[in-house]
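An overview of the molecular structure
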Amino acid sequence: MAQDQLKDEGVYDRDRLERHLWQLQRTTGLDRRKVLRLFASGLATGAAAGYVPGLMQQALAQSSPPIVKPTPPSLFYILGTNREMRWEVMRDQDYTVPNELFFVRNHTVTPRLDATAWRLQIYGSGVRRPISVSYADLLAMESVTRTRAIECAGNARSFFGTQQGTPGSGTQWKLGAIGVAEWEGVPLWKVLQKAGVKDTAVDIMPQGLDDPVGNQGNVRRPLPIEKALDKDTLLVLRMNGEILPPDHGYPVRLLVPGWGGISSIKWIGGIEVSETPLFSPWNTTQYRFFGAEYGPDFPPVTVHKVKSALELPFPATLPAGRNLLTGRSWSGSGKKIRQVEVSFDGGYRWKRASTYGPQHEQAWRRWSVEWDALPGHYTVKVRATDSDGLSQPDSVTFNTQGYSFWAVVSHPVTVNA
Ligand SMILES: Nc1nc2c(c(=O)[nH]1)N[C@H]1C(S)=C(S)[C@@H](COP(=O)(O)O)O[C@H]1N2
Ligand SMILES: [Mo]
(Lines give C-alpha, C1' and ligand atoms only; values in the text may rest on other atoms or scores of the structure.)
(Ligands and ions follow the chains in the order given, each with its own letter.)
Protein backbone atom coordinates (compact mmCIF):
# COMPACT_ATOMS: atom_id res chain seq x y z
CA MET A 1 0.00 0.00 0.00
CA ALA A 2 1.42 3.31 -1.17
CA GLN A 3 0.86 5.17 2.07
CA ASP A 4 2.75 2.58 4.07
CA GLN A 5 5.63 2.86 1.67
CA LEU A 6 5.61 6.60 2.15
CA LYS A 7 5.70 6.02 5.87
CA ASP A 8 8.61 3.65 5.43
CA GLU A 9 10.37 6.43 3.58
CA GLY A 10 9.98 8.51 6.69
CA VAL A 11 6.94 10.58 5.77
CA TYR A 12 4.93 9.92 8.89
CA ASP A 13 3.01 13.14 9.33
CA ARG A 14 -0.33 11.98 7.97
CA ASP A 15 -2.01 15.38 7.71
CA ARG A 16 0.88 16.90 5.95
CA LEU A 17 1.00 14.00 3.53
CA GLU A 18 -2.74 14.23 2.85
CA ARG A 19 -2.54 17.91 2.15
CA HIS A 20 0.42 17.35 -0.10
CA LEU A 21 -1.20 14.56 -2.13
CA TRP A 22 -4.36 16.55 -2.55
CA GLN A 23 -2.44 19.49 -3.89
CA LEU A 24 -0.35 17.27 -6.16
CA GLN A 25 -3.65 16.12 -7.66
CA ARG A 26 -4.61 19.69 -8.38
CA THR A 27 -1.19 20.53 -9.77
CA THR A 28 -1.00 17.56 -12.12
CA GLY A 29 -4.70 17.05 -12.92
CA LEU A 30 -4.32 13.32 -12.22
CA ASP A 31 -6.77 11.48 -9.97
CA ARG A 32 -5.85 10.54 -6.44
CA ARG A 33 -5.18 6.87 -7.19
CA LYS A 34 -2.70 7.73 -9.94
CA VAL A 35 -0.96 10.35 -7.86
CA LEU A 36 -0.56 7.91 -5.00
CA ARG A 37 0.70 5.18 -7.30
CA LEU A 38 3.18 7.43 -9.08
CA PHE A 39 4.35 9.06 -5.91
CA ALA A 40 4.88 5.70 -4.26
CA SER A 41 6.47 4.00 -7.29
CA GLY A 42 8.98 6.77 -7.64
CA LEU A 43 9.92 6.39 -4.02
CA ALA A 44 9.80 2.59 -3.98
CA THR A 45 12.10 2.20 -6.97
CA GLY A 46 14.39 4.86 -5.60
CA ALA A 47 14.13 6.30 -9.07
CA ALA A 48 17.51 7.01 -10.61
CA ALA A 49 18.05 10.62 -11.64
CA GLY A 50 16.35 11.24 -14.96
CA TYR A 51 13.78 8.48 -14.57
CA VAL A 52 10.29 9.87 -14.99
CA PRO A 53 7.27 7.61 -14.50
CA GLY A 54 5.45 7.40 -17.82
CA LEU A 55 2.03 8.63 -16.77
CA MET A 56 3.39 11.65 -15.00
CA GLN A 57 5.57 12.41 -17.98
CA GLN A 58 2.54 12.32 -20.27
CA ALA A 59 0.56 14.53 -17.95
CA LEU A 60 3.34 17.06 -17.74
CA ALA A 61 4.43 17.04 -21.37
CA GLN A 62 0.97 17.99 -22.71
CA SER A 63 2.01 21.52 -23.32
CA SER A 64 5.01 23.55 -22.37
CA PRO A 65 4.34 27.27 -22.60
CA PRO A 66 7.19 29.47 -21.34
CA ILE A 67 5.18 30.28 -18.21
CA VAL A 68 2.55 27.90 -16.83
CA LYS A 69 0.23 30.12 -14.82
CA PRO A 70 -2.09 32.62 -16.53
CA THR A 71 -0.49 36.07 -16.68
CA PRO A 72 -3.04 38.42 -18.26
CA PRO A 73 -1.83 41.96 -19.10
CA SER A 74 -4.39 43.30 -16.61
CA LEU A 75 -2.30 41.77 -13.82
CA PHE A 76 1.22 41.72 -15.29
CA TYR A 77 3.54 43.64 -17.59
CA ILE A 78 4.75 41.15 -20.20
CA LEU A 79 8.53 41.52 -20.58
CA GLY A 80 9.87 38.73 -22.83
CA THR A 81 10.13 35.53 -20.77
CA ASN A 82 9.34 37.53 -17.62
CA ARG A 83 6.20 38.86 -15.95
CA GLU A 84 6.21 41.97 -13.80
CA MET A 85 3.64 42.46 -11.06
CA ARG A 86 1.45 45.55 -11.46
CA TRP A 87 1.64 47.39 -8.15
CA GLU A 88 -1.97 48.58 -8.30
CA VAL A 89 -3.11 44.98 -7.73
CA MET A 90 -1.49 44.99 -4.28
CA ARG A 91 -3.77 47.70 -2.95
CA ASP A 92 -6.49 45.12 -2.20
CA GLN A 93 -4.12 42.41 -1.03
CA ASP A 94 -2.87 41.36 2.36
CA TYR A 95 0.73 41.31 3.49
CA THR A 96 1.86 38.61 1.02
CA VAL A 97 1.55 38.44 -2.77
CA PRO A 98 -0.78 35.58 -3.81
CA ASN A 99 0.97 32.98 -5.98
CA GLU A 100 -1.21 33.97 -8.96
CA LEU A 101 0.10 37.54 -8.79
CA PHE A 102 3.77 36.87 -7.99
CA PHE A 103 6.28 38.16 -10.58
CA VAL A 104 8.11 35.61 -12.75
CA ARG A 105 11.73 35.93 -13.85
CA ASN A 106 12.74 33.08 -16.17
CA HIS A 107 16.02 32.93 -18.06
CA THR A 108 14.39 30.40 -20.42
CA VAL A 109 11.13 28.50 -19.81
CA THR A 110 9.43 26.93 -16.81
CA PRO A 111 10.36 23.22 -16.85
CA ARG A 112 7.75 20.59 -15.89
CA LEU A 113 9.48 18.40 -13.33
CA ASP A 114 8.31 15.33 -11.48
CA ALA A 115 8.85 15.37 -7.72
CA THR A 116 9.00 11.58 -7.50
CA ALA A 117 12.01 11.43 -9.82
CA TRP A 118 13.61 14.61 -8.52
CA ARG A 119 16.98 14.45 -6.79
CA LEU A 120 19.23 17.06 -5.26
CA GLN A 121 22.88 16.08 -5.68
CA ILE A 122 25.29 17.55 -3.15
CA TYR A 123 28.95 17.07 -3.96
CA GLY A 124 32.36 18.67 -4.27
CA SER A 125 35.61 19.19 -2.39
CA GLY A 126 33.75 20.96 0.46
CA VAL A 127 31.80 17.89 1.64
CA ARG A 128 33.01 14.67 3.22
CA ARG A 129 30.45 12.48 1.40
CA PRO A 130 28.34 13.32 -1.67
CA ILE A 131 24.64 12.69 -1.09
CA SER A 132 21.52 12.46 -3.23
CA VAL A 133 18.41 13.87 -1.55
CA SER A 134 14.87 12.92 -2.63
CA TYR A 135 11.64 14.89 -2.29
CA ALA A 136 10.47 12.38 0.32
CA ASP A 137 13.72 12.94 2.26
CA LEU A 138 12.95 16.66 2.44
CA LEU A 139 9.31 16.08 3.35
CA ALA A 140 10.43 13.89 6.22
CA MET A 141 12.67 16.62 7.65
CA GLU A 142 11.43 19.29 9.98
CA SER A 143 10.33 22.36 8.05
CA VAL A 144 10.18 26.03 8.97
CA THR A 145 8.29 28.96 7.47
CA ARG A 146 9.71 32.38 6.72
CA THR A 147 7.88 35.39 5.28
CA ARG A 148 10.48 37.04 3.06
CA ALA A 149 10.82 39.02 -0.17
CA ILE A 150 12.34 37.73 -3.37
CA GLU A 151 13.37 40.68 -5.53
CA CYS A 152 15.19 40.72 -8.84
CA ALA A 153 18.54 42.53 -8.74
CA GLY A 154 17.34 44.40 -11.84
CA ASN A 155 14.11 45.61 -10.22
CA ALA A 156 13.48 49.31 -11.07
CA ARG A 157 16.18 49.18 -13.79
CA SER A 158 14.05 51.27 -16.19
CA PHE A 159 14.50 54.34 -13.97
CA PHE A 160 18.21 54.48 -14.81
CA GLY A 161 16.97 55.48 -18.27
CA THR A 162 13.83 57.47 -17.48
CA GLN A 163 15.16 59.38 -14.44
CA GLN A 164 18.90 59.54 -14.95
CA GLY A 165 19.19 59.44 -18.74
CA THR A 166 21.54 56.41 -18.82
CA PRO A 167 19.63 53.18 -19.51
CA GLY A 168 21.07 49.95 -18.11
CA SER A 169 20.97 46.82 -20.29
CA GLY A 170 18.46 44.09 -19.49
CA THR A 171 14.75 43.77 -18.69
CA GLN A 172 13.26 47.23 -18.22
CA TRP A 173 11.37 46.59 -14.99
CA LYS A 174 9.50 49.29 -13.13
CA LEU A 175 9.10 48.44 -9.43
CA GLY A 176 7.19 45.15 -9.76
CA ALA A 177 10.01 42.59 -9.87
CA ILE A 178 9.47 41.85 -6.19
CA GLY A 179 7.09 39.75 -4.14
CA VAL A 180 6.71 38.69 -0.52
CA ALA A 181 5.48 35.19 0.27
CA GLU A 182 5.40 32.77 3.15
CA TRP A 183 8.00 30.18 2.20
CA GLU A 184 8.03 26.77 3.87
CA GLY A 185 10.97 24.45 3.61
CA VAL A 186 14.01 22.84 5.13
CA PRO A 187 16.96 24.99 6.24
CA LEU A 188 19.77 24.39 3.76
CA TRP A 189 22.36 24.03 6.53
CA LYS A 190 20.61 20.91 7.79
CA VAL A 191 20.87 19.24 4.41
CA LEU A 192 24.49 20.36 3.90
CA GLN A 193 25.26 18.92 7.31
CA LYS A 194 24.10 15.49 6.12
CA ALA A 195 26.80 15.66 3.46
CA GLY A 196 29.39 16.50 6.09
CA VAL A 197 30.16 20.04 5.02
CA LYS A 198 33.78 20.85 5.91
CA ASP A 199 35.02 23.85 7.91
CA THR A 200 37.24 24.62 4.93
CA ALA A 201 34.32 25.04 2.48
CA VAL A 202 34.14 28.57 1.06
CA ASP A 203 31.47 28.60 -1.66
CA ILE A 204 28.46 26.63 -2.87
CA MET A 205 27.07 26.58 -6.43
CA PRO A 206 23.34 25.77 -6.62
CA GLN A 207 22.18 24.82 -10.12
CA GLY A 208 18.80 24.90 -11.83
CA LEU A 209 17.25 22.07 -13.86
CA ASP A 210 15.72 24.46 -16.40
CA ASP A 211 17.07 24.57 -19.99
CA PRO A 212 20.63 25.84 -20.44
CA VAL A 213 20.87 29.54 -21.31
CA GLY A 214 22.53 29.77 -24.75
CA ASN A 215 26.08 28.44 -24.40
CA GLN A 216 26.33 29.46 -20.73
CA GLY A 217 24.92 26.23 -19.37
CA ASN A 218 22.32 25.86 -16.64
CA VAL A 219 21.43 28.79 -14.43
CA ARG A 220 23.80 28.61 -11.47
CA ARG A 221 25.04 31.23 -9.08
CA PRO A 222 27.73 30.80 -6.41
CA LEU A 223 26.96 31.75 -2.84
CA PRO A 224 29.44 32.20 0.03
CA ILE A 225 29.27 29.37 2.58
CA GLU A 226 28.31 31.79 5.39
CA LYS A 227 25.11 32.77 3.55
CA ALA A 228 24.44 29.15 2.58
CA LEU A 229 24.58 28.15 6.27
CA ASP A 230 22.42 31.11 7.42
CA LYS A 231 19.44 29.78 9.36
CA ASP A 232 17.01 31.59 7.02
CA THR A 233 18.40 30.17 3.76
CA LEU A 234 15.88 27.48 2.84
CA LEU A 235 15.20 24.68 0.41
CA VAL A 236 11.58 25.70 -0.25
CA LEU A 237 8.77 23.20 -0.91
CA ARG A 238 5.72 25.38 -0.30
CA MET A 239 4.73 28.95 -1.10
CA ASN A 240 1.89 30.70 0.73
CA GLY A 241 0.56 27.35 1.99
CA GLU A 242 0.51 25.68 -1.43
CA ILE A 243 2.90 23.32 -3.13
CA LEU A 244 5.53 25.47 -4.86
CA PRO A 245 3.97 26.36 -8.26
CA PRO A 246 5.85 25.29 -11.44
CA ASP A 247 6.82 28.87 -12.36
CA HIS A 248 8.34 29.49 -8.94
CA GLY A 249 10.58 26.43 -8.85
CA TYR A 250 8.56 23.24 -8.33
CA PRO A 251 9.48 20.89 -6.83
CA VAL A 252 12.20 22.72 -4.84
CA ARG A 253 13.81 26.16 -4.96
CA LEU A 254 16.28 28.04 -2.83
CA LEU A 255 15.31 31.07 -0.76
CA VAL A 256 18.23 33.41 -0.05
CA PRO A 257 16.65 36.28 1.91
CA GLY A 258 17.80 39.84 1.29
CA TRP A 259 19.98 38.97 -1.71
CA GLY A 260 19.40 39.62 -5.42
CA GLY A 261 16.75 37.18 -6.70
CA ILE A 262 19.27 35.32 -8.90
CA SER A 263 20.62 33.62 -5.76
CA SER A 264 17.23 32.03 -5.06
CA ILE A 265 17.74 29.27 -7.65
CA LYS A 266 14.50 27.69 -8.86
CA TRP A 267 14.12 24.02 -9.89
CA ILE A 268 17.29 23.28 -7.97
CA GLY A 269 18.96 19.98 -8.90
CA GLY A 270 22.53 20.18 -7.67
CA ILE A 271 24.76 21.97 -5.20
CA GLU A 272 28.52 21.92 -5.53
CA VAL A 273 30.31 22.71 -2.26
CA SER A 274 33.88 23.83 -2.71
CA GLU A 275 37.03 24.62 -0.76
CA THR A 276 38.01 27.08 -3.48
CA PRO A 277 35.97 30.03 -4.83
CA LEU A 278 33.41 29.13 -7.52
CA PHE A 279 32.55 31.01 -10.70
CA SER A 280 29.80 30.96 -13.31
CA PRO A 281 28.57 33.57 -15.82
CA TRP A 282 26.13 34.64 -13.07
CA ASN A 283 28.88 36.03 -10.85
CA THR A 284 31.46 37.05 -13.49
CA THR A 285 30.03 38.59 -16.68
CA GLN A 286 26.62 39.28 -15.08
CA TYR A 287 25.41 40.40 -11.65
CA ARG A 288 28.39 42.62 -10.99
CA PHE A 289 28.52 46.40 -10.86
CA PHE A 290 30.28 47.33 -14.10
CA GLY A 291 30.93 51.00 -14.71
CA ALA A 292 33.50 53.77 -14.71
CA GLU A 293 32.71 54.71 -11.12
CA TYR A 294 33.26 51.24 -9.73
CA GLY A 295 36.68 49.88 -8.82
CA PRO A 296 38.62 47.51 -11.06
CA ASP A 297 37.13 44.44 -9.39
CA PHE A 298 33.51 45.41 -10.09
CA PRO A 299 31.77 44.24 -6.90
CA PRO A 300 29.26 41.39 -7.20
CA VAL A 301 25.53 42.00 -6.64
CA THR A 302 24.62 40.70 -3.19
CA VAL A 303 22.37 42.38 -0.59
CA HIS A 304 19.47 44.64 -1.62
CA LYS A 305 19.29 48.22 -0.38
CA VAL A 306 16.08 50.10 0.55
CA LYS A 307 13.18 50.78 -1.86
CA SER A 308 9.53 51.86 -1.95
CA ALA A 309 6.51 51.54 -4.23
CA LEU A 310 3.08 53.14 -4.38
CA GLU A 311 0.11 50.82 -4.91
CA LEU A 312 -0.97 52.80 -7.96
CA PRO A 313 -0.84 52.29 -11.73
CA PHE A 314 2.26 53.80 -13.35
CA PRO A 315 1.39 56.50 -14.38
CA ALA A 316 -1.74 57.04 -12.24
CA THR A 317 -4.91 59.14 -12.42
CA LEU A 318 -6.75 60.18 -9.26
CA PRO A 319 -9.86 62.22 -8.48
CA ALA A 320 -9.42 65.64 -6.87
CA GLY A 321 -10.01 65.86 -3.13
CA ARG A 322 -8.97 63.61 -0.33
CA ASN A 323 -7.09 60.47 -1.43
CA LEU A 324 -5.58 57.79 0.76
CA LEU A 325 -2.40 56.63 -0.93
CA THR A 326 -0.95 53.27 0.09
CA GLY A 327 2.31 51.51 -0.59
CA ARG A 328 5.11 49.34 0.73
CA SER A 329 8.81 49.82 1.51
CA TRP A 330 11.49 47.19 2.06
CA SER A 331 15.20 46.65 2.66
CA GLY A 332 17.54 43.68 2.39
CA SER A 333 20.46 45.21 4.27
CA GLY A 334 18.59 47.00 7.07
CA LYS A 335 16.01 44.20 7.28
CA LYS A 336 13.27 46.49 8.65
CA ILE A 337 11.80 49.89 7.76
CA ARG A 338 12.10 52.73 10.25
CA GLN A 339 10.35 55.58 8.44
CA VAL A 340 8.55 56.44 5.20
CA GLU A 341 8.02 59.96 3.84
CA VAL A 342 6.03 61.10 0.82
CA SER A 343 6.37 64.29 -1.22
CA PHE A 344 3.67 65.70 -3.52
CA ASP A 345 5.68 68.72 -4.69
CA GLY A 346 8.66 67.05 -6.34
CA GLY A 347 10.70 66.60 -3.16
CA TYR A 348 10.46 70.04 -1.54
CA ARG A 349 8.28 69.12 1.44
CA TRP A 350 7.94 65.62 2.90
CA LYS A 351 5.04 64.18 4.91
CA ARG A 352 5.40 61.19 7.25
CA ALA A 353 3.38 58.16 6.12
CA SER A 354 1.71 55.93 8.75
CA THR A 355 3.10 52.42 8.77
CA TYR A 356 0.82 49.53 9.68
CA GLY A 357 0.60 45.74 9.81
CA PRO A 358 3.40 43.25 10.29
CA GLN A 359 7.09 43.84 9.65
CA HIS A 360 8.87 40.64 8.76
CA GLU A 361 12.62 40.91 8.32
CA GLN A 362 13.79 41.34 4.73
CA ALA A 363 10.19 41.67 3.63
CA TRP A 364 8.19 44.89 3.43
CA ARG A 365 6.36 47.38 5.60
CA ARG A 366 2.94 48.71 4.54
CA TRP A 367 2.07 52.38 4.89
CA SER A 368 -0.56 54.95 3.95
CA VAL A 369 -0.67 58.71 3.62
CA GLU A 370 -3.51 61.15 3.06
CA TRP A 371 -3.34 63.58 0.18
CA ASP A 372 -5.81 66.40 -0.33
CA ALA A 373 -5.15 66.85 -4.04
CA LEU A 374 -5.95 69.76 -6.36
CA PRO A 375 -6.30 69.10 -10.12
CA GLY A 376 -2.98 69.06 -11.97
CA HIS A 377 0.05 67.00 -12.90
CA TYR A 378 2.36 65.75 -10.16
CA THR A 379 5.32 63.53 -9.49
CA VAL A 380 4.75 61.80 -6.18
CA LYS A 381 7.93 60.67 -4.44
CA VAL A 382 8.38 58.15 -1.65
CA ARG A 383 11.51 57.91 0.49
CA ALA A 384 12.06 55.16 3.03
CA THR A 385 14.69 54.80 5.74
CA ASP A 386 15.60 51.34 6.98
CA SER A 387 16.54 50.11 10.45
CA ASP A 388 20.25 50.80 9.74
CA GLY A 389 19.39 54.45 8.98
CA LEU A 390 19.93 53.99 5.23
CA SER A 391 17.65 56.38 3.26
CA GLN A 392 16.75 56.31 -0.41
CA PRO A 393 18.88 58.89 -2.24
CA ASP A 394 17.77 61.19 -5.09
CA SER A 395 19.98 59.36 -7.58
CA VAL A 396 22.32 56.35 -7.68
CA THR A 397 25.64 55.59 -9.37
CA PHE A 398 25.19 54.13 -12.84
CA ASN A 399 26.24 50.56 -13.64
CA THR A 400 26.02 49.25 -17.21
CA GLN A 401 23.74 46.32 -16.38
CA GLY A 402 21.38 48.49 -14.36
CA TYR A 403 21.33 46.64 -11.03
CA SER A 404 20.14 47.95 -7.72
CA PHE A 405 18.27 51.14 -8.64
CA TRP A 406 17.25 52.22 -5.14
CA ALA A 407 16.88 56.01 -5.58
CA VAL A 408 13.55 57.74 -4.93
CA VAL A 409 11.21 57.06 -7.88
CA SER A 410 9.19 59.88 -9.41
CA HIS A 411 5.69 58.50 -9.82
CA PRO A 412 3.64 60.47 -12.38
CA VAL A 413 0.12 61.23 -11.13
CA THR A 414 -2.62 63.26 -12.84
CA VAL A 415 -5.35 64.63 -10.58
CA ASN A 416 -8.60 65.24 -12.46
CA ALA A 417 -11.05 68.01 -11.63
N1 LIG B 1 16.88 27.90 -12.23
C2 LIG B 1 16.59 29.21 -12.26
N3 LIG B 1 16.54 29.87 -11.10
C4 LIG B 1 16.23 31.18 -11.09
C5 LIG B 1 16.02 31.89 -12.31
C6 LIG B 1 16.05 31.15 -13.52
O7 LIG B 1 15.83 31.66 -14.63
N8 LIG B 1 16.36 29.79 -13.46
N9 LIG B 1 15.81 33.24 -12.27
C10 LIG B 1 16.37 33.93 -11.07
C11 LIG B 1 16.04 35.33 -10.98
S12 LIG B 1 17.00 36.38 -11.92
C13 LIG B 1 15.09 35.79 -10.11
S14 LIG B 1 14.83 37.44 -9.91
C15 LIG B 1 14.24 34.86 -9.32
C16 LIG B 1 12.76 35.10 -9.63
O17 LIG B 1 11.94 34.23 -8.91
P18 LIG B 1 10.40 34.08 -9.33
O19 LIG B 1 10.31 33.82 -10.79
O20 LIG B 1 9.85 32.97 -8.49
O21 LIG B 1 9.72 35.39 -8.99
O22 LIG B 1 14.55 33.49 -9.59
C23 LIG B 1 15.92 33.23 -9.80
N24 LIG B 1 16.14 31.82 -9.90
MO1 LIG C 1 16.58 38.51 -11.20
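Residues numbered from 1 in each chain as written. Chains lettered and ligands numbered in written order. Predicted model: local features only at pLDDT ≥ 70, side-chain atom pairs only at ≥ 80, totals over all residues. Heavy atoms only, no water.

1. Points about the nonpolar core
The biggest cluster of nonpolar side chains holds 56 residues, and the ones touching the most others in it are W87, W183, L325, W364 and W371. W87 has contacts with L175, G176, I178, A309, L310, E311, L312, R328, W330 and W364, leaving out every residue within four places of it along the chain. With 43 residues, the next largest nonpolar core counts L139, A201, I265 and Y287 among its residues. (Core = buried A, V, L, I, M, F, W, Y, C linked by side-chain atoms within 4.5 Å. Buried < 20%, exposed > 50% of the residue type's maximum accessible area, 1.4 Å probe, protein only. Contact = heavy atoms within 4.5 Å.)

2. What to know about the side chain of T233
If you trace the backbone, T233 turns up in the loop between helix 8 (225-228) and strand 9 (234-239). Among residues more than four places away in sequence, those in contact with T233 are P187, L188, K227, A228, L255, V256 and P257. (Helix = DSSP H or I, 4+ residues; strand = E, 2+ residues; numbered from the N terminus.)

3. Things to note about empty space enclosed by the protein
For the structure shown, the criterion picks out 7 cavities of 30 Å³ or more. Its boundaries defined by the atoms lining it, the largest cavity holds a volume of some 260 Å³. Around the largest cavity, the lining is made up of 20 residues, and of these R105, R253, G261, S264 and K266 lie nearest the centre. Space inside the second largest cavity adds up to approximately 100 Å³. W87, K174, L175, L312 and F314 are the residues nearest the centre of the second largest cavity, which is lined by 14 residues in total. Looking at the lining of the second largest cavity, the elements that each hand over two or more residues are strand 2 (82-85) and strand 13 (306-310). (1 Å grid on protein atoms, 1.4 Å probe; cavity = no way out; pocket = protein on both sides within 12 Å on 5 of 7 lines; lining within 4 Å. Points joined across faces, edges and corners; volume = space filled by probe spheres on them.)

4. Observations concerning the sheet that holds strand 4 (residues 131-134)
One open sheet accounts for 5 strands, arranged 4-3-12-7-8; its pairing is mixed. One side of each edge strand has no neighbouring strand; the edge strands of this open sheet are strand 4 and strand 8 (223-224). With 3 bridges joining them, strand 3 (residues 119-123) and strand 12 (residues 268-274) adopt parallel strand pairing. Along strand 12, the bridge assignment pairs I122 with I271. (Pairing = 2+ DSSP bridges.)

5. Side note on the confidence of the model for the protein
Mean pLDDT over the protein: 90, with 85% of residues reaching 70 or higher. pLDDT under 50 marks residues 1-15. Its contacts with residues more than four places away, or in other chains, come to 26 contacts. For the stretch residues 41-63, pLDDT sits under 50, and the model shows 33 contacts to residues farther than four places along the chain or on other chains. (pLDDT = per-residue confidence, 0-100.)

6. Some points on the pairing of strand 14 (residues 316-319)
Only one face of strand 14 is buried: it carries A316 and L318, and the other face, with T317 and P319, is open. As paired elements, strand 14 and strand 21 (residues 410-416) share 4 bridges and run parallel to each other. Bridging across to strand 21, P319 finds its partner in N416.

7. Quick word on the pattern of salt bridges
Counting across every chain of the model gives 11 salt bridges. Note that E151 is salt-bridged to K307, the shortest N-O span being 2.8 Å. Here E151, found in strand 5 (residues 144-151), pairs with K307, found in strand 13; they are 156 residues apart in sequence, far enough to count as distant. Judged on exposure class, the residue E151 and its partner K307 are both buried. It is possible to trace a salt-bridge network through shared partners that takes in R146, R148, K231 and D232. (Salt bridge = Lys/Arg side-chain N within 4 Å of Asp/Glu carboxyl O.)

8. Brief notes about the site of ligand 1
By nearness alone, 19 residues border ligand 1, and F103, D210, H248, R253 and K266 come closest of all. Contacts to ligand 1 include R253, whose side-chain N or O atom sits 2.7 Å from an oxygen atom. Protein contacts shield 100% of the accessible area of ligand 1, which totals 540 Å² for the unbound molecule. Mapping ligand 1 onto the cavity grids shows that it belongs to the largest cavity. Of the residues in the shell around ligand 1, the class split is 9 nonpolar, 6 polar and 4 charged. (Near = heavy atom within 4 Å. Polar contact = N/O pair within 3.5 Å; in protein donor to acceptor, adjacent residues only side chain to side chain. Areas by Shrake-Rupley, 256 points an atom, 1.4 Å probe, with all protein chains shown as cover. Sits in = over half its atoms within 2 Å of the grid points. Nonpolar A, V, L, I, M, F, W, Y, C, P; charged D, E, K, R; others polar.)

9. Overview of the sheet that holds strand 16 (residues 337-343)
Pairing within the open sheet is mixed, and its 5 strands lie in the order 14-21-20-16-17. The open sheet has two edge strands with one neighbour each: strand 14 and strand 17 (351-352). Sheet analysis places strand 16 next to strand 17, joined by 2 bridges and oriented antiparallel. When the bridges of strand 17 are listed, E341 appears paired with R352.

10. Observations regarding the pairing of strand 6 (residues 178-187)
Within strand 6, 9 of the 10 residues are buried, which leaves the element mostly enclosed by the surrounding structure. Taken together, the 8 bridges between strand 5 and strand 6 define a ladder with antiparallel strand orientation. Bridging across to strand 6, T147 finds its partner in E182. Where strand 6 and strand 9 come together, 5 bridges link them in antiparallel fashion. Within the sheet, the bridge partner assigned to V186 lies in strand 9 and is L235.

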